[in-house]
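# Secondary and tertiary structure notes
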Amino acid sequence: MAALSSSSVVAVIGSGAMGAGIAQTAASAGHPVVLFDTREGAAAKAIADIQKVYARLVEKGRMAAIDAEAAGSRMRVANSLAEAKEAALVVEAIVENLEVKRGLFADLEAIVADDCILATNTSSISVTAIGARLRRPERLVGMHFFNPVPLMALVEVISGLATDEKVADTVYATAIAWGKSPVHAKSTPGFIVNRVARPFYAEALRLLSEQAADAATLDAIMRDAGGFRMGPFELMDLIGHDVNFSVTQSVHQAYFGDPRFTPSVLQQEMVNAGFFGRKSGRGFYQYGEGHSVPAARSEQAQHKPSTVSVSSEPGVTHAVINQVEARLKAIGFNVEHRKPLPGAGQHEAPAFHCHGAAIFLTDGRTATARAGANHHADTVLFDLAFDYAKATRICLARADQCSDSAYDAVVGLFQTAGFTVSRIDDVPGMVVMRTVAMLANEAADAVNTGVCSAAAVDVAMQKGVNYPRGPLAWTDAIGVAQVVAVLSNLAASYGEDRYRVSPLLRRKLAAAAANGGRFHA
Ligand code: NAI
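Residues numbered from 1 in each chain as written. Predicted model: local features only at pLDDT ≥ 70, side-chain atom pairs only at ≥ 80, totals over all residues. Heavy atoms only, no water.

Helix and strand counts for the chain come out as 20 helices and 15 strands. Considering only C-alpha atoms, the chain reaches an extent of 80 × 55 × 45 Å along its principal axes. Of all intrachain contacts in the chain linking residues separated by at least 6 positions in sequence, the fraction that spans at least 24 positions is 70%. A total of about 21200 Å² of accessible surface is found on the chain, and carbon and sulfur atoms cover 52% of it. In the chain, 48 positive and 51 negative side-chain charges are present, and the distance between their average locations comes to 3 Å. (Helix = DSSP H or I, 4+ residues; strand = E, 2+ residues; numbered from the N terminus. Contact = heavy atoms within 4.5 Å. Areas by Shrake-Rupley, 256 points an atom, 1.4 Å probe, with all protein chains shown as cover. Lys, Arg positive; Asp, Glu negative; His and termini not counted. Charge placed at Lys NZ, Arg CZ, Asp CG, Glu CD.)

Attention now goes to the packing of aromatic side chains. With the rule as written, the count across this model stands at 14 aromatic pairs. For the ring pair Phe382 and Tyr388, a centre distance of 6.1 Å and an interplane angle of 75° mean the geometry is edge-to-face. In this structure, Phe382 and Tyr388 share a single accessibility class: buried. Ring centres of Phe414 and Phe419 lie 5.9 Å apart, and the angle between their planes is 70°; this geometry places the pair in the edge-to-face category. Residue Phe414 shares its accessibility class with Phe419, and that shared class is buried. Cluster of aromatic residues (ring-pair linked, three or more members): Phe200, Tyr201, Phe228, Phe386, Tyr467 and Trp474. (Phe/Tyr/Trp six-rings, centres within 6.5 Å; stacked < 30°, edge-to-face > 60°. Buried < 20%, exposed > 50% of the residue type's maximum accessible area, 1.4 Å probe, protein only.)

Mapping His31 onto the fold places it in the loop between helix H1 (17-28) and strand E2 (33-36). By relative accessible area, which is 1% here, His31 ends up buried. One polar contact links His31 to Trp178, side chain to side chain, over a distance of 2.9 Å. The residues touching His31, leaving out its near neighbours within four places in the chain, are Leu4, Ser5, Ser6, Ser8, Val10, Ala26, Arg74 and Trp178. (Polar contact = N/O pair within 3.5 Å; in protein donor to acceptor, adjacent residues only side chain to side chain.)

Cis geometry is found at the peptide bond from Asn147 to Pro148, where omega equals -5°. Tracing the chain through its elements places Pro148 in the loop between strand E6 (140-145) and strand E7 (154-159). A positive phi angle is found at His375, which is not glycine, with a value near 50°. Relative to the assigned elements, His375 resides in the loop between helix H14 (367-374) and strand E13 (379-382). Overall, His375 belongs to the exposed group, its relative accessible area being 67%.

With that settled, the discussion passes to the sheet that holds E6. Judged by pairing direction, the sheet is mixed, and its eight strands sit side by side in the order E3-E2-E1-E4-E5-E6-E7-E8 without closing on themselves. Edge positions in the open sheet fall to strand E3 (75-77) and strand E8 (181-186), since each of these has one partner strand only. The mean angle between the axes of side-by-side strands here comes to 25°, regardless of whether they run parallel or antiparallel. Bridge count for E6 against E7 is four bridges, and the pairing is antiparallel. Within the sheet, the bridge partner assigned to Phe145 lies in E7 and is Val155. The sheet strands contacting helix H2 (residues 42-59) are E2 and E3, and the helix crosses E3 at an angle near 160°. Sheet contacts for helix H17 (residues 454-465): E7 and E8; angle to E8, the most-contacted strand, approximately 125°. (Pairing = 2+ DSSP bridges. Axes fitted to C-alpha atoms, helices over the stretch in contact; angles between N-to-C directions.)

Below, the discussion takes up the packing of helix H8 (residues 198-209) against helix H10 (residues 232-239). In contact at an axis separation of 9 Å, H8 and H10 are set at 115° when each is read in the N-to-C sense. For the crossing formed where H8 meets H10, the hand is left-handed. Contacts between H8 and H10 involve Phe200, Tyr201, Ala204, Leu205 and Leu208 on the former and, on the latter, Pro232, Phe233, Leu235, Met236 and Ile239. For the contact of H8 with H10, the per-class residue count stands at 10 nonpolar, no polar and no charged. (Left-handed = near helix turned anticlockwise from the far one by under 90°. Nonpolar A, V, L, I, M, F, W, Y, C, P; charged D, E, K, R; others polar.)

Written out as structure tokens, the structure is:
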């Protein structure tokens, strides 16, 4: 399906943060743009501000002066909605209210041509509901941009029940012509990103509630080991707890109270206190003069251990163990391969063995539970890292039964391998692994219920919220068996439906022996 011609008029209704960004993007792509806002002077100010942005881009050499001039003059203020008459596409970015949006689109239908596409930038309202009372609901589609629009590549193209596939395809192609990375999605609560991202915040809030570690340490683990650009607490502080909590609440309600989306009592209290984050000067961290983000907790330096051995039959954790082993070897460790390792055979084989400590990658059970199951007190778990070759930090948890000397040797081992070590309390699933498994579960469920394709969910999470890797590509990397094991063990630990495994993950696991159970070829 072809994109709209760049000569066709785009009308943008609402000139706030999103509308202005959409107008800028459309004008940059060559469209004549009319911008309408009910607030006196708002559209004119938005256009003037965009022209200043263009001027700055010229100064920085990122835009040619002639292009800036042309794009700047392609935008004009509409003094009434009637000036949307010539538009081939209208994008609405007004207040987030169903009745107000319905009213706007009803008015627009009386103004625009029959083949004009109507798009809503709603982030949380059903596209189906917005279009329900239209004369021609098939031409209404969601065009969900991310803030700041000129910088964020993702556009979720949302089809309501009545949306014509050709309309969605035209908007998709047009988003590509605008330099964006669009994905198709069905109109469902939270669409893709606002739904699949819930566990990123929710699991962190749970870890903090369960006193796994403090916010700064959990953030550092997610950044330095998980490869996420921002930790969940600093990100929630940036988004604002009022906003973040209300998105979680709305997704939870929209899914009829599904426990997967249960909001956090801790975050509710942040909102109750008015601790909204950066904008109120205090969230999980304090901002403003005299305040800085507290340092993450790290273990004190320990001696380099004399020996480390690696299991040669590590099963599902093979890929991960190979990476850690490569890193140990790179810094001159003589990693012995012993077969079988102590503990193998009757009990599960640890990934590594060091000074009597059995070291495992987390599988969703606590270190304490594994120590008990294997009858091996000196048990230490390590967390998932995005890339063990590049991670600067590693997260460990020790069994309640573990001796100090064995634990210190494990700390020394990972420190010698160049990691800063952060210990968390012995909670199930640790930090990165638990978060990634839950993101993968949510992503798999979105695919399973036809919200979007596996490719779309991975693009959405990378382009919409800057995740280092799509949750399903991450599942492919660590193995579906590992993800299912982590979720199943979390479900067993908590006894909550929240951690139930998506049927699609189970299906991939069942097929894994035949085809690897991968989401991507
Ligand atoms: P905003 O409050 O910055 O701007 C809304 C603008 O719409 C205001 O200038 C207001 O005067 C104008 N307006 C309100 N009712 C109007 C009407 N009936 N006709 C014409 N103009 C009207 O809001 P923002 O953040 O730009 O959000 C707009 C829409 O985009 C909302 O639906 C929001 O949920 C959605 N959205 C917001 C994102 C964000 O990060 N802020 C991200 C993605 C979507």
